[in-house]
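Below are the chains, spelled out letter by letter.
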Amino acid sequence: MFDKKYIESIIPHRGDMLMIDEVREYDTSSGVAIKNVRDDEFWCAGHFPGNPIMPGVLQVEAMAQTACFIAFQNMNTNGAETLGYFTTMEKIKFFHMVKPGDVLELHVELVTKKMSLWKFHGIAMVGGRKVSEATFTAVMQSTNPN
């Protein structure tokens, strides 16, 4: 299991935009990360007042950060040296609402890798029930222009 401090040593996301709290499982082609959905998240007051629902785009972002962790571990790099940028998002589906107090379990699998393009499929679950899924591709690019 990898904690938040270790995750921050690998991926570049910080503060409110760090969407994963721990990585429970990891190998070269897949991983499972956890996002503890809290009632003090920045989006709670406005999405929606009195009935906070985690925005779907943040669920996909949490899957992408899990994918970033997998890719950077494979590449033996980190967010200071490399960044991952979305190139496509497809087959995004939402099945159930995610609310504060939920534990979002992010199952991400590497579908294919070709040069600097990495394609992943992610499934987000709460309590064993699928809440969202997406397939997405990112380009991994060095932060050093030379």
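For the structure itself, look to the data block above.
Presented here is an overview of the structure given in this document. These numbers were taken from a predicted model, which means no experiment stands behind them.

1. Here we look at the pattern of salt bridges
- Applying the stated rule across the entire model yields 7 salt bridges.
- Arg24 is paired through a salt bridge with Glu22; the nearest N and O atoms lie 2.7 Å apart.
- Two residues, Glu41 and Arg38, come together in a salt bridge whose shortest N-O distance is 3.5 Å.
- The class of Glu41 is buried, set by a relative accessible area of 6%.
- Through salt bridges that share partners, Lys35, Arg38, Asp40 and Glu41 make up one connected network.

2. So, the environment of Gly84
- Note that Gly84 resides in strand β3 (residues 82-94).
- By relative accessible area, which is 37% here, Gly84 ends up partly exposed.
- Taking C-alpha positions, Gly84 is 6.6 Å from Cys68, a pair spaced 16 residues apart along the chain.

3. Brief notes about the sheet that holds strand β5 (residues 117-126)
- Reading across from one edge, β1-β2-β4-β5-β6-β3 is the order of the 6 strands in this open sheet, with antiparallel pairing throughout. Bordering the open sheet on either side are β1 (22-27) and β3, each of which pairs with just one other strand. Looking at each pair of strands side by side, their axes are set apart by 20° on average, direction ignored.
- In this structure, β1 lies alongside strand β2 (residues 30-36), joined through 5 bridges in antiparallel fashion. Each bridged residue has a counterpart across the sheet, and for Glu22 the counterpart in β2 is Ile34.

4. Overview of unusual backbone geometry
- Following His47, the chain continues into Phe48 via a peptide bond in cis, with omega recorded as 10°.
- With phi around 55°, Asn76 is a residue other than glycine that occupies positive phi space.
- For Asn76, the position within the fold is in the loop between α2 (56-75) and β3.
- In this model, Lys91 sits at a positive phi of 50°, which is unusual for a non-glycine residue.
- Tracing the backbone through its elements, the reader meets Lys91 in strand β3.
- Taking the relative accessible area as the measure of exposure, Lys91 reaches 59% and is therefore exposed.

Cut-offs used in this document
Residues numbered from 1 in each chain as written. Predicted model: local features only at pLDDT ≥ 70, side-chain atom pairs only at ≥ 80, totals over all residues. Heavy atoms only, no water. Salt bridge = Lys/Arg side-chain N within 4 Å of Asp/Glu carboxyl O. Buried < 20%, exposed > 50% of the residue type's maximum accessible area, 1.4 Å probe, protein only. Helix = DSSP H or I, 4+ residues; strand = E, 2+ residues; numbered from the N terminus. Pairing = 2+ DSSP bridges. Axes fitted to C-alpha atoms, helices over the stretch in contact; angles between N-to-C directions.

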